[in-house]
Amino acid sequence: MEIIILPDSQKASRLCAEVIDRAIRAKPDLVLGLATGSTPVPMYRDLIRRHREEGLDFSKVRSFNLDEYLGLPPDHPASYRRFMDEQLFDHINIPKSSTRLPDGMTKDIAAHCAAYEAEIRAAGGIDIQVLGIGSDGHIGFNEPSSSLASRTRMQTLTLQTRQDNSRFFDKLEDVPFGCLTMGIGTILESRMTVLLAFGEGKSDAIAGAIEGPVTAMNPASALQLHPDTRVFLDEAAAGKLKLRSYYRESFERSPYWQSFKI
Ligand code: PGA
């Protein structure tokens, strides 16, 4: 894992956006795995800025989102389809038909999840998977106890996740109990993963994911098995890492990272 600790979330988000920018310019039909939640929003804003000001072209990019709430139609204000349209897709030149999310209204969950996996395979697999992390360590909606080999499927949300996400709904009771999510096995097959985490509220989950054992109790710890994971943190999210100064030194000495505009 490469652990990148920057003074604030804006700088970390811009650096992550630059990784994606370079990848799209090198491979215009890049397949992106995308995430929702508050964390990736500043990174998406920087991608929008790069599209508007620097000609970053999304016309051939394809995307697959990690997850969607079960039972929410795409036009529901809290659906992840709506979130992605508002936060990213409506502001860049990606064809909507190239943007995929699991369908929370599907009548046949098993068939739909298998088809989602097949679509990812048919697209050639995910080149870069963007991830946030839940305060309980979830990636996608893979809650603690998820199989580290899991595939796209239905998951029941923990009370913690429903409480964390209730800010997007009028009240806790409105947060769905279920979701469809890519599995941890699905995520591990992407060629690169970029995990973003900001704020003190993520510091325990991040410490467990990076320095704890690989365990289904912290699903993000499965990324220790991924050959190219880059973790972008602000100081607060990195606050409980024991090897903080080592990660800083590795980053500062890296010829690769020195070539970025930080
Ligand atoms: P957040 O959610 O970015 O809104 O904190 C992250 C997640 O649940 O994966």
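Refer to the structure printed above.
To keep things clear, this report deals only with the structure shown in the data block.

The rules we used
- Residues numbered from 1 in each chain as written.
- Predicted model: local features only at pLDDT ≥ 70, side-chain atom pairs only at ≥ 80, totals over all residues.
- Heavy atoms only, no water.
- Phe/Tyr/Trp six-rings, centres within 6.5 Å; stacked < 30°, edge-to-face > 60°.
- Helix = DSSP H or I, 4+ residues; strand = E, 2+ residues; numbered from the N terminus.
- Buried < 20%, exposed > 50% of the residue type's maximum accessible area, 1.4 Å probe, protein only.
- Lys NZ or Arg CZ within 6 Å of the ring centre and 35° of its normal.
- Pairing = 2+ DSSP bridges.
- Axes fitted to C-alpha atoms, helices over the stretch in contact; angles between N-to-C directions.
- Near = heavy atom within 4 Å.
- Polar contact = N/O pair within 3.5 Å; in protein donor to acceptor, adjacent residues only side chain to side chain.
- Areas by Shrake-Rupley, 256 points an atom, 1.4 Å probe, with all protein chains shown as cover.
- Nonpolar A, V, L, I, M, F, W, Y, C, P; charged D, E, K, R; others polar.

**Regarding the packing of aromatic side chains**
Taken as a whole and assessed by the stated rule, the structure comprises eleven aromatic pairs. Judged by centre distance (5.8 Å) and plane angle (80°), the ring pair of Phe64 and Tyr116 falls under edge-to-face. Taken as a pair, Phe64 in strand S3 (residues 62-65) and Tyr116 in helix H4 (residues 109-122) lie far apart in primary sequence, 52 residues in all. Just as Phe64 is buried, Tyr116 falls in that class too. Judged by centre distance (4.8 Å) and plane angle (75°), the rings of Tyr256 and Trp257 are edge-to-face. Judged by relative accessible area, Tyr256 falls into the partly exposed class, the value being 34%. Feature note: the residues Phe232, Phe251, Tyr256, Trp257 and Phe260 constitute an aromatic cluster, connected by ring pairs. Here the basic side chain of Arg22 rests over the ring of Phe260, its NZ or CZ set 3.6 Å away from the ring centre.

**Section: the sheet that holds strand S8 (residues 178-181)**
Read across the open sheet, the three strands follow the order S4-S8-S7; overall the sheet is antiparallel. The two strands at the open ends of the sheet, each matched to only one other strand, are strand S4 (67-69) and strand S7 (153-156). Within this sheet the neighbouring strands show an average axis-to-axis angle of 30°, counted without direction.

**Quick notes on the site of the ligand**
Taken together, Gly37, Ser38, Thr39, Gly132, Ile133, Gly134, His138, Arg167 and Lys202 make up all the residues around the ligand. At 2.9 Å, a backbone N or O of Ser38 approaches an oxygen atom of the ligand. In this structure, Arg167 approaches the ligand through a side-chain N or O atom, which is 2.7 Å from an oxygen atom. Here the ligand, which alone exposes 280 Å², has 85% of that area covered by the protein. Taken together, the residues of the shell around the ligand break down into one nonpolar, six polar and two charged.

**Some points on the sheet that holds strand S1 (residues 2-6)**
Read from one edge of the open sheet, seven strands run S1-S10-S9-S6-S2-S3-S5, paired in parallel fashion. One side of each edge strand has no neighbouring strand; the edge strands of this open sheet are S1 and strand S5 (99-100). The pairing of strand S2 (residues 31-34) with S3 spans four bridges and is parallel. Looking across to S3, one finds that Leu34 is bridged to Asn65.

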